[in-house]
Amino acid sequence: GRMKPVIVVHGGAGRIFKEREEGSRAGVVRAALRGYGVLKQGGSALDAVEEAVRSMEDDPHFNAGCGSVLNEKGEVEMDAIIMDGKNLDSGAVSAVKCIANPIKLARLVMEKTKHMLLTDRGAQLFAQAMGIPETPGEKLVTERSRERWKKNLEPDSNPEEFQKDLGTVGAVAIDSEGNVACATSTGGLSNKLIGRVGDTACIGSGGYADNHSGATSTTGHGESIMKVVLARLILYHMEQGMSPEMAADTALDYMKTRVGGLGGVIVVSNSGEWAARFSTKQMSWATVKDDQLHFGIYAGEKHTKSVDEALRSESEGF
């Protein structure tokens, strides 16, 4: 069957500071347009979500790839996952350093190994074997991440305060063949312990994709997301007959009442319905369906443009 392709992306749930709003909006819109471009040319959902996430990893506005937050020692350690809804194949990496695009490495883990998750040193050796160039750690560190790290080191600081400003990035898509996929990538929590791995690299928590129901990518407080296996929980609700929006709200509500965790999710169903929902103050998101682009940051905010118009302003720079 010929499905109408759909892509949905998020740039992280939490608190988006005023001066970063424009950049976050522009970044998710760019990512959605890139992913949609792949789908329009007949590309796979897998290629589309990888492309969309790569675009946000390269954008310093987001806590993934370049722009990732720093751990307690002032280093960048990143997690990423990608999943194919056709056969439930998945690849993930955790605590990786010195590579520009962890999502690319996750894809290679899925396609070139018999494993699903490689961590830290092993992931690094695998990246070398795959010929992925090393990016000097400091190339990934932005002025803002370093400032934030220093602030959090002050004796009277409350890193929890800053951790509301989370910026995991993710994408979900359905292609013209009706296959779904998800991808998620993050720098994790600011000032986290060395070796801390959150929900992103964990299948069923940071993301899940199954052609039988749909695909979802999550963002928010990683430990809470892991406790309720949020991505899989949403698809479970959809399997019980809920719409993507209802399933997302129900799962987010459960996470909030059960473990006090806040977050956000993007969802696409195997029939091409989509949702972008969050329990945090904000989440940057964008989606393209039927050549219409929708995007927003605040609850209830939804801008709409035609893809042609969006691509025009894209080429002129925002």
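Model, not experiment: these values are computed from the prediction.

Asker: In this structure, what is going on with a nonpolar patch on the surface? I would like to understand it.
Answerer: Nonpolar side chains collect at one region of the surface, where Met116, Leu117 and Ile203 lie side by side and expose about 250 Å² of accessible area between them. Within the element layout of this structure, Ile203 appears in the loop between strand 6 (180–186) and strand 7 (207–210). Ile203 gets classed as partly exposed once you look at its relative accessible area, which sits at 38%.

Asker: Is there a simple way to explain the UniProt feature "binding site: substrate" (unreviewed entry) in the protein chain in this structure?
Answerer: The positions UniProt marks with the feature "binding site: substrate" (unreviewed entry) are Arg196, Val197, Gly198, Asp199, Thr219, Gly220, His221 and Gly222. Narrowing the list just given to those that line the second largest cavity leaves Arg196, Gly198, Asp199, Gly220 and Gly222. Arg196 sits in the buried class, given a relative accessible area of 14%. Non-local contacts of Arg196, meaning those with residues more than four positions away in its chain, are made with Glu77, Asp79, Gly188, Leu189, Gly222 and Glu223. Note that Val197 resides in the loop between strand 6 and strand 7. Look past the residues within four positions of Val197 in its chain and what remains in contact with it is Asp79, Ser94 and Met226.

Asker: Help me understand the nonpolar core in this model?
Answerer: Nonpolar side chains tend to gather and get buried jointly when the protein is soluble and globular. Judged by nonpolar contacts, the single largest core of 52 residues is most densely connected at Ile7, Val9, Ile82, Leu105, Ala286 and Leu293. Looking at this core, the element that brings in the most residues is helix 1 (residues 18–40), giving 8 residues. Those residues within four positions of Leu105 in sequence are excluded, and the remaining contacts are Val93, Val96, Ile99, Ala123, Phe126, Ala127 and Ile132. Counting 34 residues, the second-largest nonpolar core is a separate cluster that includes Met83, Ile174, Ala231 and Ile266.

Asker: Would you mind showing me how to read the sheet that holds strand 7 here?
Answerer: Pairing between the strands of a sheet is mediated by backbone hydrogen bonds and can be parallel or antiparallel. With antiparallel pairing, 4 strands are arranged side by side in an open sheet as 7-8-9-10. With partners counted over all chains shown, the strands left at the sheet margins are strand 7 and strand 10 (274–278), one partner each. Put simply, the sheet's adjacent strands are angled 10° from each other on average, direction ignored. In the packing of helix 9 (residues 230–239) onto the sheet, contacts are made with strand 7, strand 8 (214–220) and strand 9 (263–269), and the angle to strand 8 comes to roughly 140°.

Asker: Could you clarify how one ought to interpret the side chain of Asn179 in this entry?
Answerer: By secondary structure assignment, the location of Asn179 is in the loop between strand 5 (169–174) and strand 6. Only 2.7 Å separates the side chain of Asn179 from the side chain of Asn211, close enough to count as a polar contact. Each residue touching Asn179, except ones within four places of it in the same chain, is listed here: Ala45, Lys86, Ala173, Ile174 and Asn211.

The rules behind the values
- Residues numbered from 1 in each chain as written.
- Predicted model: local features only at pLDDT ≥ 70, side-chain atom pairs only at ≥ 80, totals over all residues.
- Heavy atoms only, no water.
- Patch = residues over 30% accessible without salt bridge, like charges linked within 9 Å, V, L, I, M, F, W, Y side chains within 5 Å.
- Areas by Shrake-Rupley, 256 points an atom, 1.4 Å probe, with all protein chains shown as cover.
- Salt bridge = Lys/Arg side-chain N within 4 Å of Asp/Glu carboxyl O.
- Helix = DSSP H or I, 4+ residues; strand = E, 2+ residues; numbered from the N terminus.
- Buried < 20%, exposed > 50% of the residue type's maximum accessible area, 1.4 Å probe, protein only.
- UniProt positions renumbered as here; feature names shortened; annotations may be inferred.
- 1 Å grid on protein atoms, 1.4 Å probe; cavity = no way out; pocket = protein on both sides within 12 Å on 5 of 7 lines; lining within 4 Å.
- Contact = heavy atoms within 4.5 Å.
- Core = buried A, V, L, I, M, F, W, Y, C linked by side-chain atoms within 4.5 Å.
- Pairing = 2+ DSSP bridges.
- Axes fitted to C-alpha atoms, helices over the stretch in contact; angles between N-to-C directions.
- Polar contact = N/O pair within 3.5 Å; in protein donor to acceptor, adjacent residues only side chain to side chain.

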